[in-house]
Structures are given as C-alpha cells and as structure tokens.
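Here's the letter readout for the chains.
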Amino acid sequence: VTTHAPFASLEQSDLAARLGLWVFLASELLFFGAFFVLYAALRAEHPAGFAEGVAHGDEWIGGINTMVLLLGSYFVASALRALRAGHRTSAVVRLAATAMLACTFLFLKGIEYAHHIESGMIPGAHTAFFGPSPTPGLASYVTLYWITTAVHAIHVLVGAIVSAVLALGCMRGTVRAHHVALGGLYWHLVDVIWLFVWPLFYLLRGGA
Amino acid sequence: MVAAYRIELVALSLMLLAGISWALSHASLGAAAVVVALGIAAIKATLIAVELMELRDAPTSLRLIAIATPLFVLLLVGFAWVDVVSR
C-alpha cells in the first residue's frame, strides 16, 4: 500500500486534492454571492441610503488594504515559484510575509471597525449615527457592510493561519510545493472576493 | 526574460489596475461608475485566476468550475437587480 492510496500515483492524488479545493472555493464564491445578490437588490431599491453608507467607509484603509492583499497574492505565488525551484528558505520568507500582510489587513480593518463602533455605525439602527429619520436603506447597508466585511475578515484570518502553517512546514521540510499551491489557491480567492467587496463598500459613493 | 518575471508583471498590473479603480472613484462617471468599477474588478480577478491560480495550465475540469461559478453568481445578481428595477 502506497502513501497516496487509494490513488494510483502521487500525481493523481495531487490532482484530486486540487479538484476538491476548487470545488470548495466554488462553494465559497457562491456563499459570498448571496451577499452580492442582497447588495444588488437593496442598492437598486435604496440608492441614496447605500451611497451615504459607502461615503462613511474609510477610503484610505480600504485602498491600502487592497494593496496589502494584492501584495500577499504576489508573495504566495512567488513562494510557490521559489519552492518549485528548490529555494526553500526564500519560500519560507515569502510565506511568512503573506501571513504578516494578512495580519496587517486585520489590524487596519480593526481600526476601521473601532471608528465605526465609536460613531454608532453598527447594525440595528438604534444609535445616534442614524438620527431620528435615517435615509431609507442606510440601516440595511450598515448591516450588510458588517456581515460581508466581517465574514471576509475571518477568511483573511484563516489565510494568515494557513500561510504561517505552510511557512513552518516549509522550514521543517514537511511541506511540498503541492501544499503551497493549495494554500495559495485559498489566499487568491480571498483576494478575488475583496476585489469586489472593495468597490461595493468603499468606492461607489455615487447615487447610482 | 518576461516569463521569468511573469508573477512580478502580474502583481504590478494588479496594483496599477487597483490604482485606476481608486482614481476613477473620484471621477463623475454617473451610472457608469458601477460598470467601470466592477469591470476593472473582473479584469483583476481574471488575471489572478489565470496567472496566479494557474488556470492557464489547469485541466478542463478545473477551468469549468472557475468559469461556471462566477457566471452563476452573475446570473443571481442580475436576476435580483432586474427584479427590483423592473417593478
């Protein structure tokens, strides 16, 4: 019995794992798709409330965090390239950099959340932020903003843990390029989802 | 030479596109702003999927998942949006 049983070869086992991960990523995308559907329907119904909500986002934190995630994608992809070329130390450093960037993203997002809580921009519409007669749709926006970005932030946290575990495994020699490729796929998906979350919750300040 | 720095080129392109998205968010594009912002996001997502997620060299089964899933999301979003604006 080989270590890759029930598969005929290690290659076949790796491909099966890759296919399984892609199916998992597809389910993740459909999960976030529900938030995007809600956003489309609610924004179409309450364009002014959503535009007002987006204007309350911290443009700089949103923009910097986008660059942070893109840089993370670069490091995880270049870690895989380094490992394939046999440069294990370089791969460790790059994976550790990805984990650090994920922590940076979460730190900045935490600062933004603290500001929101301070100003009362929290789900429920019972704070002074909303005033006596809030713009229709603003409360829905705030709830959707928190749910979408918080669920995404949890994914970034998982991405940080995966990158750190891969860096450690790489250092000990227990991780192959295949494992880094799988971890990288997860990180890239988290990045791709943010690339849509960013314009919806930070950039589209107009009333359209 | 270009192939050796492929990942770097993709990363730079992604950051450049992100910068364009950010800059355009300050332009008065009206109703086109949504299309422009999400269009650029789609280009960035495609770049990541094809190059960094290595769909370029992936078997057809993986490509099928990567193409079908966002299309399903797009359909759902489209139906939800049309339902509201056509009332």
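Because the structure is a prediction, the values reported are computed rather than measured.

### Here we look at the interface of chain A and chain B
Each partner contributes to the interface: chain A provides 45 residues, whereas chain B provides 45 residues. Summed over both sides, the interface of chain A with chain B buries roughly 3800 Å², with 81% coming from carbon and sulfur. The tally of links from chain A across to chain B stands at 3 salt bridges. Summed over the shared surface of chain A and chain B, the number is 6 residue pairs in polar contact (both at pLDDT 80 or more).

### Remarks on the nonpolar core
Grouped together as the largest cluster of nonpolar side chains are 82 residues, with contacts concentrated most on A:Tyr141 and A:Phe201. A per-element tally of this core places helix 6 (residues 177-203) of chain A first, with 18 residues.

### So, the layout of surface pockets
There is about 1200 Å³ of room inside the largest pocket. Lining the largest pocket are 40 residues, with A:Phe196, B:Leu38, B:Pro70, B:Val73 and B:Leu74 sitting closest to its centre. Ranked by the residues each element gives to the lining of the largest pocket, the list is headed by helix 3 (residues 60-85) of chain B, at 12 residues. Of the residues contributing to the lining of the largest pocket, the split by class is 34 nonpolar, 4 polar and 2 charged. Taken together, 16 residues make up the lining of the second largest pocket; nearest its centre are A:Arg84, B:Arg6, B:Ile7, B:Glu51 and B:Glu54. Taken together, the elements giving at least two residues each to the lining of the second largest pocket come down to helix 3 (59-84) of chain A together with helix 1 (6-24) and helix 2 (32-52) of chain B. A total of 4 residues in the lining of the second largest pocket trace back to one element, the largest contributor, which is helix 3 of chain A. Among the residues forming the lining of the second largest pocket, the class breakdown is 8 nonpolar, no polar and 8 charged.

### Points about a nonpolar patch on the surface
On the surface, a nonpolar cluster with roughly 430 Å² of combined accessible area is contributed by A:Leu30, B:Phe72, B:Leu75 and B:Phe79. It is helix 3 of chain B that provides the largest number of residues to the nonpolar patch, a total of 3 residues. As for its placement among the helices and strands, B:Leu75 is situated in helix 3. Residue classification places B:Leu75 among the partly exposed positions, given a relative accessible area of 47%.

### So, unusual backbone geometry
Here B:Glu54, not a glycine, exhibits a phi torsion of approximately 60°, which is positive. Structurally, B:Glu54 is set in the loop between helix 2 and helix 3.

### Digging into the packing of aromatic side chains
Residues and elements named next belong to chain A. Tallied over the full model, the rule gives 18 aromatic pairs over all chains. Geometrically, the ring pair formed by Tyr 141 and Phe 201 is tilted, given 5.6 Å between the ring centres and 45° between the ring planes. Note that Tyr 141 is positioned in helix 5 (residues 138-172) and Phe 201 in helix 6, a separation of 60 residues in sequence. For Phe 201, a relative accessible area of 1% translates into the label buried. Taken together, Tyr 39, Phe 50, Tyr 113, Tyr 141, Tyr 145, Trp 146 and Phe 201 form an aromatic cluster joined through their ring pairs.

### Focus on the confidence of the model for chain B
Looking at chain B, pLDDT values average 93 and 97% of them are 70 or higher. Interface confidence for the predicted complex, expressed as ipTM, amounts to 0.94; the pTM equals 0.94.

### Things to note about the pattern of salt bridges
Taken as a whole and assessed by the stated rule, the structure comprises 8 salt bridges over all chains. The salt bridge involving B:Arg87 is made with A:Glu45; its shortest N-O contact spans 3.8 Å. Of the two residues, B:Arg87 sits in the segment after helix 3 while A:Glu45 sits in helix 1 (residues 10-45), which places them in two different chains. Looking at A:Glu45, the relative accessible area reads 44%, which means it is partly exposed. For the salt bridge of A:Glu112 with A:Lys109, the shortest nitrogen-to-oxygen distance reads 2.7 Å. With A:Glu112 and A:Lys109 both in helix 4 (residues 88-119), this residue pair falls 3 residues apart, about one helical turn. The burial state of A:Glu112 is the same as that of A:Lys109; both residues are buried. In this structure, a network of salt bridges that share partners links the residues A:Glu45, B:Asp83 and B:Arg87.

### A closer look at the packing of helix 3 of chain A against helix 1 of chain B
Packing of helix 3 of chain A against helix 1 of chain B leaves a shortest axis separation of 10 Å and a crossing angle of 170°. Taken together, the axis directions place helix 3 of chain A and helix 1 of chain B in an arrangement best described as roughly antiparallel. Across the interface between the two elements, A:Glu59, A:Trp60, A:Gly63, A:Ile64, A:Thr66, A:Met67, A:Leu70, A:Leu71, A:Tyr74, A:Ala77, A:Ser78 and A:Arg81 from helix 3 of chain A touch B:Ile7, B:Glu8, B:Ala11, B:Leu14, B:Met15, B:Ala18, B:Gly19 and B:Trp22 from helix 1 of chain B. Residues of the contact of helix 3 of chain A with helix 1 of chain B, tallied by class, amount to 13 nonpolar, 4 polar and 3 charged.

### Quick word on the environment of A:Glu112
All names here are of chain A. Judged by relative accessible area, which is 1%, Glu 112 ranks as buried. When the C-alpha atoms of Glu 112 and Leu 157 are compared, they prove to be 16 Å apart, with 45 residues separating the residues in sequence. The contacts of Glu 112, once residues within four sequence positions are left out, are Gly 57, Asp 58, Ile 61, Tyr 145 and Tyr 202.

Quick notes on the rules
Residues numbered from 1 in each chain as written. Chains lettered and ligands numbered in written order. Predicted model: local features only at pLDDT ≥ 70, side-chain atom pairs only at ≥ 80, totals over all residues. Heavy atoms only, no water. Contact = heavy atoms within 4.5 Å. Buried area = accessible area lost by both parts, 1.4 Å probe. Salt bridge = Lys/Arg side-chain N within 4 Å of Asp/Glu carboxyl O. Polar contact = N/O pair within 3.5 Å; in protein donor to acceptor, adjacent residues only side chain to side chain. Core = buried A, V, L, I, M, F, W, Y, C linked by side-chain atoms within 4.5 Å. Buried < 20%, exposed > 50% of the residue type's maximum accessible area, 1.4 Å probe, protein only. Helix = DSSP H or I, 4+ residues; strand = E, 2+ residues; numbered from the N terminus. 1 Å grid on protein atoms, 1.4 Å probe; cavity = no way out; pocket = protein on both sides within 12 Å on 5 of 7 lines; lining within 4 Å. Points joined across faces, edges and corners; volume = space filled by probe spheres on them. Nonpolar A, V, L, I, M, F, W, Y, C, P; charged D, E, K, R; others polar. Patch = residues over 30% accessible without salt bridge, like charges linked within 9 Å, V, L, I, M, F, W, Y side chains within 5 Å. Areas by Shrake-Rupley, 256 points an atom, 1.4 Å probe, with all protein chains shown as cover. Phe/Tyr/Trp six-rings, centres within 6.5 Å; stacked < 30°, edge-to-face > 60°. pLDDT = per-residue confidence, 0-100. Axes fitted to C-alpha atoms, helices over the stretch in contact; angles between N-to-C directions. Parallel < 35°, antiparallel > 145°, perpendicular 65-115°, else oblique.

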